[in-house]
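The residues making up each chain are set out below.
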Amino acid sequence: PGPGYWQQRVDYVIDVAIKDEDQTLHGSELVTYHNDSPHTLRYLWFQLDANIFSPDSDSNLTSSSRLTERVPIEMLQAMTARQLFDGGVKIGEVKDGSGRALKYTIVKTMMRVDLAEPLPPGGETKVSVSWHYRINDARLMGG
């Protein structure tokens, strides 16, 4: 890297429970974000990878299949499951370290969280997020 190199640091405390009866994950996390950059930050991005299983995901909307004269039932089941399964992450709440609600915007597999106050270089902030999502049937949909 070079003399001007820097790297952000993020510490996580994550609490997760699996509910087998309805195949869901429920979680909350406390994220401590350390701004090691030379820039003041006004928002943070969070990755929501499970959103690839949302019905309106790019992955779902752009997938294609080859239909022939004979279509195996497994292929039809997989296509139907992928279209009907709502596997996206459901956000319960997003708060700052003081418990104040933070504004957030979800864009596909990313969530932008607007900070209550700008985060200066060398500063740190805490963000708590609660969420849940349904676990997909990997035999039908992969993943």
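Residues numbered from 1 in each chain as written. Predicted model: local features only at pLDDT ≥ 70, side-chain atom pairs only at ≥ 80, totals over all residues. Heavy atoms only, no water.

Here we come to the packing of aromatic side chains. Taken as a whole, this structure holds 2 aromatic pairs when the rule is applied. Aromatic side chains Y43 and W45 sit 6.2 Å apart centroid to centroid with 85 degrees between the ring planes, which places their arrangement in the edge-to-face category. We classify Y43 as partly exposed; its relative accessible area is 36%. Take W45: its relative accessible area is 44%, and that puts it in the partly exposed class. Measuring from centroid to centroid gives 6.0 Å for W131 and Y133, while their planes differ by 25 degrees, and the two rings are stacked. (Phe/Tyr/Trp six-rings, centres within 6.5 Å; stacked < 30°, edge-to-face > 60°. Buried < 20%, exposed > 50% of the residue type's maximum accessible area, 1.4 Å probe, protein only.)

Residues F46, I91, V94, M111, V127 and V129 are the most contacted members of the largest nonpolar core, which totals 19 residues. If one sorts the elements of this core by residue count, strand β6 (residues 110–119) sits on top with 4 residues. Among residues more than four places away in sequence, those in contact with V94 are R100, A101, L102, Y104, M111, V113, V127, S128 and V129. (Core = buried A, V, L, I, M, F, W, Y, C linked by side-chain atoms within 4.5 Å. Helix = DSSP H or I, 4+ residues; strand = E, 2+ residues; numbered from the N terminus. Contact = heavy atoms within 4.5 Å.)

Across the sheet, 3 strands lie side by side as β3-β6-β5; this open sheet has antiparallel pairing. Because the sheet does not close on itself, it has two edges, and the strands there are β3 (41–47) and β5 (104–107). Between one strand axis and the next, the sheet turns through 25 degrees on average, direction left out of account. (Pairing = 2+ DSSP bridges. Axes fitted to C-alpha atoms, helices over the stretch in contact; angles between N-to-C directions.)

Bringing the sheet that holds strand β4 (residues 90–96) into the picture now. Judged by pairing direction, the sheet is antiparallel, and its 4 strands sit side by side in the order β1-β2-β7-β4 without closing on themselves. The sheet is open, and its two edges are formed by β1 (9–19) and β4, each paired on a single side. Going across the sheet, the axis of each strand differs from the next one's by a mean of 15 degrees, ignoring polarity.

Before going further, it helps to examine the environment of S130. Of note, S130 is situated in strand β7 (residues 124–134). When the C-alpha atoms of S130 and E29 are compared, they prove to be 6.5 Å apart, with 101 residues separating the residues in sequence. Every residue in contact with S130, bar those within four places of it in the chain, is listed here: G27, S28, K90, I91, G92 and E93.

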